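# Descriptive structure summary
Residues per chain are reported as follows:
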Amino acid sequence: MASKRRSRRAAKGRREQRDELQDFRQIQPGAAPGTLIIEPDAPAPQLSAYAYGADAIVARDPMTLAELPALLGSAPVVWVNVVGLGDVAVIQELGRIFDLHQLTLEDLVHVQRPKLEIMGDRALVIARAPKLDGGVKTEQISLLVGDGYILTAQTGEQRGLFEPVRVRLVTGAGRIRTMGADYMLYALLDTVIDSTFPLLEELGDELELLEDDILQRPEPDCLHRVHKVRHDLLTLRRAVWPLRDVASQLSRTPVPTITDETRVYLRDCYDNVIRAIDLIETYRELSSSLSDLYLSSVGQRTNEVMGLLTIVATIFIPLTFLAGVYGMNFDRASPWNMPELGWRYGYPAFLVANVVLAALMIYVFRRRGWLGGRAP
Amino acid sequence: MASKRRSRRAAKGRREQRDELQDFRQIQPGAAPGTLIIEPDAPAPQLSAYAYGADAIVARDPMTLAELPALLGSAPVVWVNVVGLGDVAVIQELGRIFDLHQLTLEDLVHVQRPKLEIMGDRALVIARAPKLDGGVKTEQISLLVGDGYILTAQTGEQRGLFEPVRVRLVTGAGRIRTMGADYMLYALLDTVIDSTFPLLEELGDELELLEDDILQRPEPDCLHRVHKVRHDLLTLRRAVWPLRDVASQLSRTPVPTITDETRVYLRDCYDNVIRAIDLIETYRELSSSLSDLYLSSVGQRTNEVMGLLTIVATIFIPLTFLAGVYGMNFDRASPWNMPELGWRYGYPAFLVANVVLAALMIYVFRRRGWLGGRAP
Amino acid sequence: MASKRRSRRAAKGRREQRDELQDFRQIQPGAAPGTLIIEPDAPAPQLSAYAYGADAIVARDPMTLAELPALLGSAPVVWVNVVGLGDVAVIQELGRIFDLHQLTLEDLVHVQRPKLEIMGDRALVIARAPKLDGGVKTEQISLLVGDGYILTAQTGEQRGLFEPVRVRLVTGAGRIRTMGADYMLYALLDTVIDSTFPLLEELGDELELLEDDILQRPEPDCLHRVHKVRHDLLTLRRAVWPLRDVASQLSRTPVPTITDETRVYLRDCYDNVIRAIDLIETYRELSSSLSDLYLSSVGQRTNEVMGLLTIVATIFIPLTFLAGVYGMNFDRASPWNMPELGWRYGYPAFLVANVVLAALMIYVFRRRGWLGGRAP
Amino acid sequence: MASKRRSRRAAKGRREQRDELQDFRQIQPGAAPGTLIIEPDAPAPQLSAYAYGADAIVARDPMTLAELPALLGSAPVVWVNVVGLGDVAVIQELGRIFDLHQLTLEDLVHVQRPKLEIMGDRALVIARAPKLDGGVKTEQISLLVGDGYILTAQTGEQRGLFEPVRVRLVTGAGRIRTMGADYMLYALLDTVIDSTFPLLEELGDELELLEDDILQRPEPDCLHRVHKVRHDLLTLRRAVWPLRDVASQLSRTPVPTITDETRVYLRDCYDNVIRAIDLIETYRELSSSLSDLYLSSVGQRTNEVMGLLTIVATIFIPLTFLAGVYGMNFDRASPWNMPELGWRYGYPAFLVANVVLAALMIYVFRRRGWLGGRAP
Amino acid sequence: MASKRRSRRAAKGRREQRDELQDFRQIQPGAAPGTLIIEPDAPAPQLSAYAYGADAIVARDPMTLAELPALLGSAPVVWVNVVGLGDVAVIQELGRIFDLHQLTLEDLVHVQRPKLEIMGDRALVIARAPKLDGGVKTEQISLLVGDGYILTAQTGEQRGLFEPVRVRLVTGAGRIRTMGADYMLYALLDTVIDSTFPLLEELGDELELLEDDILQRPEPDCLHRVHKVRHDLLTLRRAVWPLRDVASQLSRTPVPTITDETRVYLRDCYDNVIRAIDLIETYRELSSSLSDLYLSSVGQRTNEVMGLLTIVATIFIPLTFLAGVYGMNFDRASPWNMPELGWRYGYPAFLVANVVLAALMIYVFRRRGWLGGRAP
């Protein structure tokens, strides 16, 4: 009971971190399909559009929904970007303009597993762009490519994600202006996939730092840090693994609106996904090897501490007993009772005996290798 | 022997919790196939039926078996819902009305692994709806869809499971009234699958709470709780994994009575199953990482306790020995015997020597980092 | 050397338990194929036969080999059951009557991995029926189904295995009499597969009992019991896993002499095999989770014991040192030497100091949570 | 540096044991393919040949290379056996006579992973025959079967390996003389595969012995022995696993020179490989369960030892403190200073107090179950 | 914060070791595809070329880029080798001469996962050649084979890698001069794959040395060394695993410019890759078995040390208590107070009692097997 209440309280106070692994809150058992559930704190949509061809580019940033229909078809390619999904009316209107199924709108708005969906001559790609914010967080990115247009939607946590592509588009760098909407899909998807690598670099650095720390000074929080890295790797893996199928399908099987020329580039995307997965799995293995290493380092230190205690105790316990013996008050009247106490060199003999005894024990310990164990 | 008897007693007294993992009690080796074995305490069947089309709906709730034949065919779709399977006669009569094979009736009544069975132009879906009641419990839900009707049967532990669908049906919300029996199958199956997510939320909360507890105050019952979560995840996994094949087959391969339009919705079902499985596996990995974390936290505390013991003992054991030495009763007649006892400043010198010795040892400990280990 | 000799002795004295995992003793490298090797203590064959159709049944129990040829073909189906395989002559004669390949006879007599072998229009099923006798033991059951007859052979450790089927056959219960030899194959195979579930129930009970024991009073033999359960599960798994392919092939791919009607029943068999495998894997996971739990419970107790030692020792070691100090025999002639001994309230002050010191340490321990750790 | 030098020295002094896991020494990066590298200590080849048919057999044992060409084709089947591969000239001459590719000769001479290679109408099988010599050692066996001949080559460590087959051939036992070269391939391959089972029996016995030892008297070398068994199982697995594909291909896919009749026998081979693999995996699981069991048994003993120390120390530390108190030399002049020392029954009271205190502590320990823990 | 800063510093100071697991630094999210990013410290390209046929060979070593066009086509095969990739202009010019896609140039220059890419009638193989330099490092090797030429590019860390092939080519040893560019591809790829085996030998030696060390004197750095080996095996595995698909595709599926004759040799390559993978996995299992062994050895030593402490303490604690008792200053005036002190043989009796008590305890310890535990 109390435990449950505590659970709820904790759950409430931590809503943000939980998002990553509990991204299914919008699911309400029994609700009608296609019901759009908007988080109250979701940011309002900001629209922008770029209608471009090899020669010219028209940028509307920001854009209102009313401008969109006129723009579509005005140039070889129109890229419509929606940042923030906090307004059902706007989403529904977009659905009307682009003629989208109610379930597709639900895919855009609710959290999904990354996937590729072919709908007639259009393709919908759902991906997740990771970023590091305390732990690994991921933002859902939807890309819908049709004949002459591409619609991208994101929840808005990483507003700058597509900035490099926008700059290349506006400045006309590279071949982006001369190619179709499918190449744009590639350029954007590649940006999402590549954004995994800086995170992997951070996690790789943390693993190396952890390795150093564990080998030099294993502190109690090392395992916690290993656990955190593993948690982050799990989140990352959930975001990247399904992209493997997406990229593989895009680059290998015939998908409408994707030309063979772009397919070559998408194969590059696929290679990158494979490398990211490869690294994630390698890091996972490393992290579990590190937690073994930590436990053994700690065990090692317990050993050292125990060893010291044992040696000190083992040496002094017999000596203390001896001292206790000569502190007894046996009646010195009888000649049998503790005659040593009356010897002329009794005390020096006692001291010598102690030193000899201690030296002997240290010698035995050293031979058994129990003293050497303390040296690093 | 005694162990066996105890085993039986324990098994008896715990029949309820066992149901989840020992759901095969109805199997009697060598019994004729199709023998229906009813638990004595199974609730009696309660029938209800909804005959509906786009325009009208006739509800019979409760309904008697005699009313059923007249209802079938009276409207585009008839949904017959049976809650409670504790009466062989009723089951057999249903089998006669719907023309079911004896083995199919056995599938309805006895506990099965979730599966999809295509029987001519009909499809039978067996699923398990999980709920949290102490641990994760699952209830068997059978859905038989034919041309113009859908028959659902459940054992009756979660009577309210289909309530939201019933409300949508009666109020005419959404498109449920305008579509066929296959869409009803989707709506009900989706409800069963979605009912997994609130449980996953509970388990996810418990895992996070456990993580906090383990990092801040690792109590002896933490591992027990981890074990319980893992047990629950195993039960959930057994219920959800087989649904993957069911949903995949329903949405991808041609199944009679399932239209292409509904197939789009069933693909949504499939995505949800995949996400649930994904989460279950992720939670399983987290829980095993947590049990590592706990063991290390406990080891850490043992270390601290051991460290304190070692330091106190190591400092005082030599001092106690010294005190013991000066408590010896060597004959002071001989000038060699313990002259220190007669010195003017013997006692102060002893005290100073003690303080110096203790300070020296504390200094050594601090340098080796054994004292720092106690600080969090 | 000595180790080897011991190994041999131990191996000899334990021949029976070993059978399960060393069921390959009949293999002699380089022996001609088809050589039948009979264990000296194998029971002599007991034959029985049932020639039956929908209307009539002729039972020969026991039967001599000479009666067999006349019986074959005298009724729609003849079931020949051989219990005990300890006589090469009988086996060879059976091989002649049923026209069996020498390697097939070897399959009947020697221990095999469960498998399905299609030989022309006949099918041979090798299965293993498990029973609990100390640990899990398995008995090889061979079923050869041809046109109008079924031959079953077992080594004879579970003579009552097919009794329920025999009763159904003789009393004419169910549809067994009206169907062909393939249905008989189903009925017998189903009996073998279902005989796994009572064992799984025993193992499940033992796992639950173990969980209780480990949580309440972790005794040294708990891990041994976990190990035994795991050993039993391994044996069971070796018997059941290969049956998956057997049942899948029988129910899904076209096999001669198996009619479509029986195939429906065999699919039921397949479902049961899958459930058994499912449970075995779940129990294996539970048992490994339990051994973690045990190790942690034991570690917990070590912790408690260590904690008590530490507290008692840490409190009394300084006090004992103090008492030792005031037991020293410093010459009281000098005013610097132990003036406390002469104070009027020296002894009460000493006692009070001790109590204060002890209370202080207990307070510190309680604050650090080291005393709370002992409470369950 | 020093570590590397030690490594080299150790590596040198242990060349023999290493062979099993470092069987790739003959690989020289950049060397021309087909270069035959002979170990200096490889035994010289000993040739023998058997030209046989149903009626007659001509044996040449030993045989010189010059005799071989005349023998080939003189009978339905010619079996040429080469034991020892220590002479490049002989190998090259064999290659010329049998018209072998340079890479095939390399396969014969250098250590390979077991495999099946189809070369036109000939088939080359590379297998590894295991034996127990300290640890598991394996010897490479090559079998080349063509139209009317079979060539076998082995390095010579197990000269008697094919002896049972030779005896069957010479005495004409079984059907070996009446069948072709493909049946000979089966007979020899079966001998190689069956030679795995005696080893598995040894390893199984060792595992059982280990289980007894660990449960009764866990000695420090138990884990070493478990590690050794695991090492042996790894070696065995490397030898047997690839044979699965070999036997499967030979018995299932059409291979030239293998008749359907022999294929039935090869299926038996395949079953045996599967059983061997099955057992190896089962033993590997058992051995890892055993190492858990050992660690827990050792932990158990540490617990017992710790428990004893705790009880003895906890009982005597307070008593010793009491004795220390009454050994203090407080000035008895003041009536407040240790009046107990002057009581008439002071000493008996002290003794009684001690006994009561000790009894009380033992009672508490027994209630907490800490004393019961010591009983086995 | 501070942790992050430390992370960055550590990351910076260790750039070299990190290369192996963070070989993706050249990826810049959002950069235009085909952008060549050259490390500032990458060595300048050194070109060499060999135009050869069966009769003649023309060597240009070193060669300037200007010489290349004339050379191509001047002989049946031209091998162009580029060592060092530190000059964008040279790479671009090579791309122009060989007509390479911008993404192919990126593949050559940036770190890739090993792969095979078929581009029209040309094939590109990306491999990684491992070497041991502290830990395992790998160098990217690209091989582009077309009609009559082969272009190889490496970053330059292992300049001598292809030396043996060059020598065979120049001296005309083997068949390398008489075969086409595809055979050259085989020869070079084989060299890269074979270079894995000396590393595996080193790692195998280290594992054996570790086994010895752990069994004889388990030092604290053993687990660190195991961790290092495991790290190296992970790196090696990442380099070798993808080669499996490359070699399999080259040897089994039809690839342009690869003749059937060369395919036979490439099958040999494939076998070697499989053996390397096999060994890597075996070593990984061994290393995890070793880390278990180490932890148990350490636990064993803790046990020994604890055992000694327990025995010494358990024997002397009661004796010390006894000595303390007879050191008490009870008033000898009362005949009840410590009459033993006045006995004639009190002291000898005390000594005898001590010896008897100690002997008794040693006897009990020996019976329980706690003393035997110390013997190795």
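Residues numbered from 1 in each chain as written. Chains lettered and ligands numbered in written order. Predicted model: local features only at pLDDT ≥ 70, side-chain atom pairs only at ≥ 80, totals over all residues. Heavy atoms only, no water.

## Observations regarding the overall build of chain A
Counting secondary structure elements, chain A contains eleven helices and seven strands. For a compact globule of 376 residues, the expected C-alpha radius of gyration is about 21 Å, and chain A comes in at 35 Å, more than 25% above that figure. Overall, the C-alpha framework of chain A stretches about 125 × 50 × 35 Å when taken along its three principal axes. For chain A, the proportion of its 376 residues judged to be buried stands at 59%. Restricting the contact set of chain A to residue pairs at least 6 apart, pairs at least 24 apart contribute 65%. Taken together, the 42 basic and 47 acidic charged side chains of chain A have centroids lying 9 Å from each other. (Helix = DSSP H or I, 4+ residues; strand = E, 2+ residues; numbered from the N terminus. Rg over C-alpha atoms; globule rule 2.2 N^0.38 Å. Buried < 20%, exposed > 50% of the residue type's maximum accessible area, 1.4 Å probe, protein only. Contact = heavy atoms within 4.5 Å. Lys, Arg positive; Asp, Glu negative; His and termini not counted. Charge placed at Lys NZ, Arg CZ, Asp CG, Glu CD.)

## What to know about the relation of the copies chain A and chain E
Superposing chain A onto chain E requires a rotation of 72° together with a translation of 0.1 Å along the rotation axis, leaving an RMSD of 0.1 Å. On the angle and the small slide along the axis, the relation comes out as a five-fold axis. Minimal C-alpha distance to the rotation axis in chain A is attained by glycine 327 of chain A, lying at 4.7 Å. Taken as a fraction of all interface residues of chain A, those also at the interface in chain E reach only 11%, which identifies the copy contact as different-surface. (Least-squares fit on C-alpha atoms with pLDDT ≥ 70 in both.)

## Here we look at the packing of aromatic side chains
Here the structure, examined in full by the defined rule, presents 40 aromatic pairs over all chains. Relative to phenylalanine 350 of chain B, the ring of tyrosine 326 of chain B has its centre 5.9 Å away and its plane inclined at 85°; by these criteria the two rings are edge-to-face. Here phenylalanine 350 of chain B lies in helix α11 (residues 346–368) and tyrosine 326 of chain B lies in helix α10 (residues 260–326), a separation of 24 residues in the sequence. Each member of the pair, tyrosine 326 of chain B as well as phenylalanine 350 of chain B, carries the same accessibility label: buried. Ring centres of phenylalanine 98 of chain C and tyrosine 149 of chain C lie 5.0 Å apart, and the angle between their planes is 50°; this geometry places the pair in the tilted category. Of the two residues, phenylalanine 98 of chain C is situated in helix α4 (residues 88–98) and tyrosine 149 of chain C in strand β7 (residues 149–154); the sequence distance between them amounts to 51 residues. When sorted by exposure, phenylalanine 98 of chain C lands in the same class as tyrosine 149 of chain C, which is buried. Through a chain of ring-to-ring contacts, the aromatic side chains of Tyr50, Trp79 and Phe162 of chain A assemble into a single cluster. Taking the ring centre of tyrosine 270 of chain A as reference, the NZ or CZ of arginine 252 of chain A above it sits at 4.3 Å. (Phe/Tyr/Trp six-rings, centres within 6.5 Å; stacked < 30°, edge-to-face > 60°. Lys NZ or Arg CZ within 6 Å of the ring centre and 35° of its normal.)

## Quick notes on the interface of chain E and chain D
Chain E puts 71 residues into the contact, and the matching count from chain D is 73 residues. Across the interface of chain E and chain D, roughly 6500 Å² is buried in total on both sides, 59% from carbon and sulfur atoms. Linking chain E to chain D there are six salt bridges. With a closest N to O distance of 3.1 Å, aspartate 278 of chain E and arginine 238 of chain D form a salt bridge. At the boundary of chain E with chain D, the tally comes to eleven residue pairs in polar contact (both at pLDDT 80 or more). (Buried area = accessible area lost by both parts, 1.4 Å probe. Salt bridge = Lys/Arg side-chain N within 4 Å of Asp/Glu carboxyl O. Polar contact = N/O pair within 3.5 Å; in protein donor to acceptor, adjacent residues only side chain to side chain.)

## What to know about the interface of chain A and chain E
Each side of the interface is counted separately: chain A has 71 residues, and chain E has 72 residues. Both sides of the chain A and chain E interface together cover about 6500 Å² of buried area, and 59% of this is carbon and sulfur. On the surface where chain A and chain E come into contact, there are six salt bridges. For the pair chain A and chain E, the interface holds eleven residue pairs in polar contact (both at pLDDT 80 or more). Within the residue set of the side of chain A that touches chain E, elements represented by two or more residues are α6 (163–171), α7 (181–194), α8 (196–216) and α10 (260–325) of chain A. Looking at the side of chain A that touches chain E residue by residue, the classes come out as 32 nonpolar, 19 polar and 20 charged. (Nonpolar A, V, L, I, M, F, W, Y, C, P; charged D, E, K, R; others polar.)

## What about the side chain of aspartate 194 of chain E?
Positionally, aspartate 194 of chain E belongs in helix α7 (residues 181–194). As a buried residue without a salt bridge, aspartate 194 of chain E has its nearest oppositely charged side chain in arginine 275 of chain E, at a separation of 7.7 Å. Ignoring anything within four residues of it in the chain, the contact list for aspartate 194 of chain E reads Ile27, Gln28 and Pro29 of chain D together with Asn272 of chain E.

## Brief notes about the arrangement of the chains
Of all C-alpha pairs spanning chain A and chain C, none lies closer than 9 Å, and the two are not in contact. Across all C-alpha pairs, the smallest distance from chain A to chain D is 9 Å, and the two are not in contact.

## Thoughts on the pairing of strand β3 (residues 77–83) of chain E
Residue and element names in this part refer to chain E. Buried residues dominate β3, accounting for seven of its seven residues. Residue alternation in β3 divides its side chains into two sets, Val77, Trp79, Asn81 and Val83 and Val78, Val80 and Val82, and both sets are buried. The pairing of strand β1 (residues 46–52) with β3 spans seven bridges and is classified as antiparallel. When the bridges of β3 are listed, alanine 49 appears paired with valine 80. (Pairing = 2+ DSSP bridges.)

## Notes on unusual backbone geometry
Put simply, aspartate 61 of chain A and proline 62 of chain A share a cis peptide bond, and its omega is 0°. One can find proline 62 of chain A in strand β2 (residues 57–63). Phi at aspartate 99 of chain C takes a positive value of approximately 60°, unusual for a residue other than glycine. For aspartate 99 of chain C, the location among the structural elements is in the loop between α4 and α5 (102–109).

## Overview of the pattern of salt bridges
Counted under the stated rule, the structure contains 90 salt bridges over all chains. Note that lysine 228 of chain B and aspartate 232 of chain B form a salt bridge whose closest N and O atoms lie 3.6 Å from each other. A residue pair is termed a helical-turn pair when its members lie 3 or 4 positions apart in one helix, as lysine 228 of chain B and aspartate 232 of chain B do in helix α9 (residues 222–252) at four residues. Residue aspartate 232 of chain B is classed as buried on the basis of its relative accessible area of 6%. The partner of arginine 263 of chain E in a salt bridge is aspartate 260 of chain E, with the nearest N and O atoms 3.4 Å apart. You can see arginine 263 of chain E and its partner aspartate 260 of chain E sitting in helix α10 (residues 260–326), three residues apart, about one turn around the helix. Among the residues examined, aspartate 260 of chain E registers a relative accessible area of 58% and is labelled exposed. Three or more residues are tied together by salt bridges with common partners; here these are Asp107, Lys115 and Glu117 of chain A together with Arg267 and Asp271 of chain B.

## Quick word on the confidence of the model for chain A
Residues and elements named next belong to chain A. Averaged over chain A, the pLDDT score is 84; the fraction of residues at 70 or greater is 91%. Confidence drops under pLDDT 50 across residues 1–19; counting only partners more than four residues distant or on other chains, this segment forms 22 contacts. Here residues 372–376 is modelled with pLDDT under 50, and outside its nearest four sequence neighbours on either side it reaches five contacts, counting other chains as well. Here the predicted complex scores 0.77 on pTM and 0.71 on ipTM. (pLDDT = per-residue confidence, 0-100.)

## Remarks on α7 of chain A
Over its 14 residues, α7 of chain A runs 20 Å from end to end, which matches the ideal 20 Å to within 8%, given 1.5 Å per residue. Extensive coverage of α7 of chain A is indicated by the burial of 14 of its 14 residues. (Expected span 1.5 Å × (residues − 1).)

## So, the pairing of strand β6 (residues 135–146) of chain E
All names here are of chain E. Across the twelve residues of β6, twelve count as buried, placing the element largely inside the fold. Between strand β5 (residues 122–133) and β6, which pair antiparallel in sequence order, lie one residue; one of them, glycine 134, sits at a positive phi of approximately 85°. Linking β6 back to strand β7 (residues 149–154) in an antiparallel pair, the connection comprises two residues, with glycine 148 at a positive phi of about 90°.

## Side note on the sheet that holds strand β2 (residues 57–63) of chain C
Residues and elements named next belong to chain C. The strand order across the open sheet formed by seven strands is β2-β1-β3-β7-β6-β5-β4, and the pairing between neighbours is mixed. Among the strands making up the open sheet, the edge pair consists of β2 and β4 (115–119). Strand-to-strand twist across the sheet, computed as the mean angle between neighbouring axes with direction ignored, equals 15°. Where strand β5 (residues 122–133) and strand β6 (residues 135–146) come together, eleven bridges link them in antiparallel fashion. Looking at β6, one finds that alanine 123 is bridged to valine 145. (Axes fitted to C-alpha atoms, helices over the stretch in contact; angles between N-to-C directions.)

## Some points on helix α8 (residues 196–216) of chain E
With 21 residues, α8 of chain E ought to run about 30 Å at 1.5 Å a step, and its terminal C-alpha atoms sit 30 Å apart, in line with that. Counted residue by residue, α8 of chain E has 15 buried out of 21 residues, so it is predominantly covered.

## Focus on the sheet that holds strand β1 (residues 46–52) of chain D
Within a sheet, neighbouring strands are paired by backbone hydrogen bonds and run either parallel or antiparallel to one another. Residues and elements named next belong to chain D. Reading across from one edge, β2-β1-β3-β7-β6-β5-β4 is the order of the seven strands in this open sheet, with mixed pairing throughout. Pairing within the sheet leaves two strands with one partner each, and these edge strands are β2 (57–63) and β4 (115–119). Taken pair by pair, the neighbouring strands of this sheet meet at an average axis angle of 15°, ignoring direction. Against the sheet, helix α8 (residues 196–216) makes contact with β5 (122–133) and β6 (135–146), and its axis sits at roughly 30° relative to β5, the strand it touches most.

## Observations concerning the packing of helix α7 (residues 181–194) of chain B against α10 of chain B
All names here are of chain B. Their axes nearest at 10 Å, the elements α7 and α10 cross at an angle of 10°. Relative to α10, the element α7 lies roughly parallel. Where α7 approaches α10, its residues Asp182, Tyr183, Tyr186, Leu189, Asp190, Ile193 and Asp194 are matched on the opposing element by Thr262, Tyr265, Leu266, Asp268, Cys269, Asn272 and Val273. (Parallel < 35°, antiparallel > 145°, perpendicular 65-115°, else oblique.)

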